[in-house]
Amino acid sequence: MPPTRTAEVIGAGLAGLTAATALAQRGWSVRLHEREPEIRAIGAGIYVWGNGLATLEALGLYEEAAAGAHVGAALETRDHRNRTVEELPINGPGQPRVLTIMRDHLIGTLIGGARKAGVEIRTGSEAVEATPDGRVLLRSGETARADAVLAADGVNSRIRRQYDIVASRAAIKQGATRLTVPRSAEFVPAADQGNYIEYFSGRRRVLYTPGSETSLYVALVADEDDRPASRIPVDTASWIRSFPHLEALLGACADAGGRWDTFQFLTLTRWSMGRLAFLGDAAHAQPPYLGQGGGCAMMSALGLADALSDPSAPVDQLLRDWEYTERPTIEHTQRWSHRLGHLNNLPDAARSSLLRGSRLLPRLGASRMRAALTIPTGVGRFAGAPR
């Protein structure tokens, strides 16, 4: 038998955990490094569209991940007068699939899947250098060599900074406070409580997202220089002035903590060099307006593991093939996410007219949903595939 191939994965977010699990399921010996003392979920809730759900199904983790998740019937956009200007039916026959899952539950599911697959998870283990010949240097002084090194260490990747491969990077000058509050019937009318709703007012947005039967994920989106909007604790009086019809919901955010993050957009000249590859936000960060940051990271990570499962070609060639396959859909989605951020810049009346008109352009909608409707590469060749 040929020797077992080895992988060192740097970063235990969605991309790193997915790649590590998928490789281990395909017979690789995988070690996953997380610099923090424990693996923590950054954020509150997360939208997982069809591509991410198919990835979880391929790994045999869908049932656990979906337990307790919310399944909405529609994704709505409301204007400054609380009028519906856009509505996307979801989760019905022939419609896009999406679940909203509490992020800590999703991360916990992926950790369990990685351990079951045999991944060695090392917390408090920080990689400070990785090279195209498969060498990894840890802060402890330990070194390792592997057939493949996967840098999934986030938008501020330390490993990526060692190489001149950033094609474009921009802070979007918009951001969000993300937080979780207990669900309440007082927040929105009964007919709206199960839906996902994005409310606009001026240059601000409020995202109402049930994440489970008891938890509500809220995102308060605004320009970076809108100081009252980015305050922690949340300046509820300022937000209620923009959204008076959401007074009960916004009042509940006062003591909910949360964190403000500025959105990022990042592309690379290439996703790999030799045996070293970059994935997730380290390779293709995007603003969250399509809810596809996590789904694209997971889908791409599964495709990477599938590509590396071919024993007939060298790793560097397999990584180039992986990028050739995955990059078009990922970058299409990045561009769409970036464009949707420009809606904040429009006057209320113009934005409402534009969103109403978009319903008459089905090809535009299909382009927007391209990633959500994509079947990830290799879904039938992992542990969750039908036998």
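Thresholds applied
Residues numbered from 1 in each chain as written. Predicted model: local features only at pLDDT ≥ 70, side-chain atom pairs only at ≥ 80, totals over all residues. Heavy atoms only, no water. Helix = DSSP H or I, 4+ residues; strand = E, 2+ residues; numbered from the N terminus. Buried < 20%, exposed > 50% of the residue type's maximum accessible area, 1.4 Å probe, protein only. Contact = heavy atoms within 4.5 Å. Core = buried A, V, L, I, M, F, W, Y, C linked by side-chain atoms within 4.5 Å. Pairing = 2+ DSSP bridges. Axes fitted to C-alpha atoms, helices over the stretch in contact; angles between N-to-C directions. Expected span 1.5 Å × (residues − 1).

**Regarding the environment of G202**
Here G202 lies in the loop between β13 (196-201) and β14 (204-210). G202 gets classed as partly exposed once you look at its relative accessible area, which sits at 28%. Residue contacts for G202: discarding those within four places in its chain leaves N344, D348 and R351.

**Focus: the nonpolar core**
Across soluble globular proteins, nonpolar side chains show a tendency to be buried alongside one another. Of all hydrophobic cores here, the largest spans 76 residues; its most connected members are V30, L106, L150, L276, F278 and L308. In terms of residues, this core owes the most to one element, helix α8 (residues 293-308), which gives 10 residues. The contacts of L308, once residues within four sequence positions are left out, are R5, L23, W28, A148, V315, L318 and L319. By size, the runner-up hydrophobic cluster in this structure holds 24 residues, among which are V85, V98, L207 and Y217.

**Some words on the sheet that holds strand β12 (residues 166-182)**
With respect to topology, seven strands assemble into an open sheet ordered β5-β4-β13-β14-β15-β12-β16, the strand pairing being mixed. Whereas interior strands pair on both sides, the edge strands pair on one side only; in this sheet they are β5 (84-89) and β16 (259-268). Neighbour-to-neighbour, the strand axes of this sheet turn through a mean angle of 20°, independent of strand direction. Pairing between β13 and β14: five bridges, direction antiparallel.

**Brief notes about α8**
Across its 16 residues, α8 extends 23 Å between first and last C-alpha, which sits within 8% of the 22 Å expected from 1.5 Å per residue. When you tally the buried positions in α8, you get 15 out of 16 residues, the bulk of the element.

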